[in-house]
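Listed here are the chains, written in short residue letters.
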Amino acid sequence: MSNRNSVLEVFNINNNSNPKKYINVCAPMVRYSKLPFRELVRGYNVDLTYTPMILAKEFKNSNIARNSDFTTSKNDKPLIIQFASNDNVELLKAVELIVGYVDGIDVNCGCPQKWAINEGIGVYLMEKPEIISDMIRTIKTNIPTLPCSIKIRIHNDLKKTIEFVKRAESIGIDFITVHGRTRRQKSTEPVNLNAIKLIKENLNIPVIANGNIFTLNDAEDIYNQTGVNGVMCARGLLRNPALFAGYDLTPWDCVENFVRLSIAYGSNHFILHHHLMYMFEDVMSNAEKKSFNTLTSIPAIIDHLEEYYGLQLE
């Protein structure tokens, strides 16, 4: 697994063989953006994927945590591992364990959950740029060939955000993902596209936009209004993993592919069931959803899909 391509190559899209305007990115999602799902979306025009957010301290200290949080394969690239940390030494030790198995690391500066803020990680770090600086410098000094990025939210005062991202760029960040909401905004509130555009205009490194992407048209609109280098999707891909391939709803072959991958990689019942509920959200009747929610094993799920949808795994 040591001969990984640089993740930065994925941004070099302005050429005759690949005339895409921007790259399509699958977001880091707790529980959901694991290996079977990452491999699935790569087959539907996703260019770059992330692991779920992983706590660097736990990853460093526990072999059980490492085996639970991270698996990969020869097809799983380019891949970014996202760590949550506020300690440069702990982060470096975690990263040293993963070098050669990923194409880059991302430091989470955007998780708005209360537990993360209480732990001094996630969006808490948006008020502590010196901590981010220490962590990135440490990684760049000790592992200079590994691309580093951060995923952020915006401040109420955009001047602070511009200062934050410029400081990050000056210490060697290779690219930045911007979720266009503040730490207190809900997911139902509009994304601030002007803020993302302003950040893009003030940086010389690639910028990925994140937030409120549920269709391919949404992705196009965000690109057209901000000029970013990439568009990252989370909830939209859960509902429709083929979104970036232009499908309005999850195609049936996508469901079959995901079930095959989940079985092959040993996914548990909980993850498989939740993914399928997202994919069938706009297809199943309320009565069928209630019935599907009672299924408590993978064989029961497969039987249901075979009986009602003609699932064929062989």
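In short, a report on the structure. (Residues numbered from 1 in each chain as written. Predicted model: local features only at pLDDT ≥ 70, side-chain atom pairs only at ≥ 80, totals over all residues. Heavy atoms only, no water.)

Re the overall build of the protein chain
No. 1: On a plain count of helices and strands, the protein chain comes out with 14 helices and 8 strands.
No. 2: Radius of gyration (C-alpha) of the protein chain: 19 Å, near the 20 Å computed for a compact globule of 314 residues.
No. 3: For the protein chain, the spread of C-alpha atoms along the principal axes amounts to about 60 × 45 × 45 Å.
No. 4: Scored against the burial criterion, the 314 residues of the protein chain give a buried share of 54%.
No. 5: Of all intrachain contacts in the protein chain linking residues separated by at least 6 positions in sequence, the fraction that spans at least 24 positions is 70%.
No. 6: On the protein chain, roughly 14500 Å² of surface is accessible, and the fraction owed to carbon and sulfur atoms is 46%.
No. 7: Seen as two clouds, the 34 positive and the 34 negative side-chain charges of the protein chain have centres 6 Å apart. (Helix = DSSP H or I, 4+ residues; strand = E, 2+ residues; numbered from the N terminus. Rg over C-alpha atoms; globule rule 2.2 N^0.38 Å. Buried < 20%, exposed > 50% of the residue type's maximum accessible area, 1.4 Å probe, protein only. Contact = heavy atoms within 4.5 Å. Areas by Shrake-Rupley, 256 points an atom, 1.4 Å probe, with all protein chains shown as cover. Lys, Arg positive; Asp, Glu negative; His and termini not counted. Charge placed at Lys NZ, Arg CZ, Asp CG, Glu CD.)

Structural notes on a negative patch on the surface
No. 1: A cluster of acidic residues, D303, E306, E307 and E314, forms a negative patch on the protein surface.
No. 2: Its place among the elements puts E306 in helix 14 (residues 298–309). (Patch = residues over 30% accessible without salt bridge, like charges linked within 9 Å, V, L, I, M, F, W, Y side chains within 5 Å. Salt bridge = Lys/Arg side-chain N within 4 Å of Asp/Glu carboxyl O.)

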